[in-house]
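Fold and contact review
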There are 2 protein chains.
Amino acid sequence: MPYAHKVAPGSKVALSKIKPDDNGGMDKEEGLARFAKLNAELDVIQEELYAAGTHSVLLVLQGMDTSGKDGTIRNVLLNLNPQGVRVESFKVPTEEELAHDFLWRVHKVAPRKGEFGVFNRSHYEDVLVVRVHDLAPKEVWQARYEQINQFEALLAATGTIIVKLFLHISKGEQEERLREREQDVTKAWKLSAGDWREREYWDDYQNAYEDALERCSTEAAPWYIVPADRKWFRNLAATEVLVDTLNAYRDGWHATLDEMSKARVAELQEYRAGKPV
Amino acid sequence: MPYAHKVAPGSKVALSKIKPDDNGGMDKEEGLARFAKLNAELDVIQEELYAAGTHSVLLVLQGMDTSGKDGTIRNVLLNLNPQGVRVESFKVPTEEELAHDFLWRVHKVAPRKGEFGVFNRSHYEDVLVVRVHDLAPKEVWQARYEQINQFEALLAATGTIIVKLFLHISKGEQEERLREREQDVTKAWKLSAGDWREREYWDDYQNAYEDALERCSTEAAPWYIVPADRKWFRNLAATEVLVDTLNAYRDGWHATLDEMSKARVAELQEYRAGKPV
């Protein structure tokens, strides 16, 4: 029984039926031990991904404010080789970005072969905040679900392994986290009245998320709902999805590395034999 | 007594006089303990750099093949938040890159404010490999030292903190590392006849490095020579340079964060008072 909930393509999503405070039936200590084991595995997998250079990984992180996107990046990717990891954060679009289609700025920074790319927020904001705040006409954002699916299908068909995680927290947990920030005077610069203002649209966002998860979970680029009220469980569940997804590619990477090894050894032998290489 | 050797601007460099196997008079155990302490400090410093958003860091790594550029990135930056780190590796220039001046591709990926950028190899290759292999006329690469200094002065003047590390290994240590790679059959894909071929130009490279270090160590962007035969010492020395350099900026970052905190608290109070924010 996996810790995160895969959204089966074509199925309905009711976020209210998925427990944000799920702990997988274990305590924190056990969860941390399992996380450490999986995380070490992810480290090895990344080395193979990087060395083989046949695929890219694209991890898309979405979730309400305080749902732990930053924390997931920090904890899940902490042991990966920084050289092969690239995190892209998408803020309010610039004038130049707005002068292009909504996928332009995203496509530009898609991960290269061998790279482990992370989108902290993503093109999904264009069917989330844009929809909730009426930043585009309905027919515009309605068309985007299919445009997103086609874009992701292109990436997947050309070697990008896409993992999309929705960090699912409860409204109560969000309030607690926002208030916690106010207790810590040394971190007061992290406060944001904007987070409280956005919180007033909680239900609208949940609806927008349900639609995005339903319409854009495909075989090529599935969505996973990660219970995220408990940070240790969120990290465990996110890591598990990544390890399970990437494990399917490892035999192929090993074969590629074997081929590369043979070629390199032969090249070295020729060099030693004094032939021109 | 710092572990790395700062190249005083305008001074001469004789690499043969600097011991690549320096251990700073300590054993590995002590070195690892000191490294752990400094590395934890670097982690806190990065958070402040990122949050304050007033400066960028640019770490330039250069060194002979096997000198440990990848290992330095992996070890020294491992605990930093991946979200604020960006590693750029420069390979053989593409046709588009060659159609521009040599600093074009480098400038494009200079780190943004708050970011900790790393160049794994850099624009210095244009006065190293280019010079050793006659890839450009002498008057072209000769002019580059001053062009580099002016470029780096621009970055420094506009908020980039530049740290340049030359990883200094001995010719014997390189041979040992290249041969070690041949022992590990599972890593045979890392072998490269090219590394052995380049090794034949060892002295030319050392000369080219000496010139680059002499001509391009400036107050705004100093070069440091890091004894790198011992990996643990290399990591310690590199981390020390970073921590010492960045510590000088922390009071300013704290002041910025205090200002931000005040503004955020005020904004939140206004929001709570029901005023439009």
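Residues numbered from 1 in each chain as written. Chains lettered and ligands numbered in written order. Predicted model: local features only at pLDDT ≥ 70, side-chain atom pairs only at ≥ 80, totals over all residues. Heavy atoms only, no water.

Labelled according to an unreviewed UniProt entry, chain A appears under the name UDP-galactose-lipid carrier transferase, originating from Kouleothrix aurantiaca.

**Focus on the interface of chain A and chain B**
Facing the 41 residues of chain A at the interface are 41 residues of chain B. Interface area, chain A with chain B, both sides summed: about 3700 Å², of which 51% is carbon and sulfur. Among the residues of chain A in contact with chain B, Gln-83, Trp-189 and Tyr-271 of chain A are the three that bury the most area, contributing 20% of the side total. Inspection of the region where chain A meets chain B yields 10 salt bridges. Between Arg-86 of chain B and Glu-88 of chain A there is a salt bridge; the shortest N-O distance is 3.2 Å. On the surface where chain A and chain B come into contact, there are 24 residue pairs in polar contact (both at pLDDT 80 or more). For the side of chain A that touches chain B, the secondary-structure elements that each account for two or more residues are α1 (28-52), α2 (69-76), β3 (85-89), α7 (171-183), α8 (193-199) and α11 (250-272) of chain A. Residue contributions to the side of chain A that touches chain B peak at nine residues, all from α11 of chain A. Residue composition of the side of chain A that touches chain B, grouped by class: 19 nonpolar, seven polar and 15 charged. (Contact = heavy atoms within 4.5 Å. Buried area = accessible area lost by both parts, 1.4 Å probe. Salt bridge = Lys/Arg side-chain N within 4 Å of Asp/Glu carboxyl O. Polar contact = N/O pair within 3.5 Å; in protein donor to acceptor, adjacent residues only side chain to side chain. Helix = DSSP H or I, 4+ residues; strand = E, 2+ residues; numbered from the N terminus. Nonpolar A, V, L, I, M, F, W, Y, C, P; charged D, E, K, R; others polar.)

**Considering the sheet that holds strand β2 (residues 56-63) of chain B**
Residue and element names in this part refer to chain B. Taken together, six strands build an open sheet; the order of strands is β1-β6-β5-β2-β4-β3 and the sheet is mixed. Of all strands in the sheet, those bounded by a partner on one side alone are β1 (5-6) and β3 (85-89). Direction of pairing for β2 relative to strand β4 (residues 116-120): parallel, over a ladder of five bridges. Each residue of the ladder has a partner; that of Val-57, found in β4, is Phe-116. Helix-sheet contacts for helix α6 (residues 138-157) involve β2 and β5 (160-168), and the interaxial angle to β5 is about 135°. (Pairing = 2+ DSSP bridges. Axes fitted to C-alpha atoms, helices over the stretch in contact; angles between N-to-C directions.)

**Brief notes about the packing of helix α2 (residues 69-76) of chain B against helix α10 (residues 231-247) of chain B**
Residue and element names in this part refer to chain B. With their axes 10 Å apart at the nearest point, α2 and α10 run at an angle of 65° to one another. Handedness of the crossing formed by α2 with α10: right-handed. Residues Gly-71, Thr-72, Asn-75 and Val-76 of α2 pack against Arg-234, Asn-235, Ala-238, Thr-239 and Leu-242 of α10. Here the residues of the contact of α2 with α10 sort into three nonpolar, five polar and one charged. (Left-handed = near helix turned anticlockwise from the far one by under 90°.)

**A short note on the side chain of Arg-105 of chain B**
Residue and element names in this part refer to chain B. When you line up the elements, Arg-105 lands in helix α4 (residues 104-107). With relative accessibility at 10%, the residue Arg-105 sits in the buried group. Engagement of the side chain of Arg-105 in a polar contact is seen with the backbone oxygen of Lys-91, the distance being 2.9 Å. When near neighbours in sequence (up to four residues on either side) are disregarded, Arg-105 contacts Phe-90, Lys-91, Val-92, Pro-93 and Glu-97. (Buried < 20%, exposed > 50% of the residue type's maximum accessible area, 1.4 Å probe, protein only.)

**A few points about the pattern of salt bridges**
Going through the model one piece at a time under the given rule, you end up with 40 salt bridges over all chains. In this structure, Glu-125 of chain B engages Arg-121 of chain B in a salt bridge whose closest nitrogen and oxygen atoms are separated by 3.0 Å. Judged by relative accessible area, which is 12%, Glu-125 of chain B ranks as buried. One salt bridge in this structure joins Glu-175 of chain B and Arg-179 of chain B, with 3.2 Å as the shortest N-O distance. Of this pair, Glu-175 of chain B and Arg-179 of chain B both sit in helix α7 (residues 171-183), four residues apart, which is roughly one turn of the helix. The class of Glu-175 of chain B is partly exposed, set by a relative accessible area of 29%. Linked by salt bridges that have partners in common, Glu-47 of chain A together with Lys-187 and Lys-190 of chain B make up one network.

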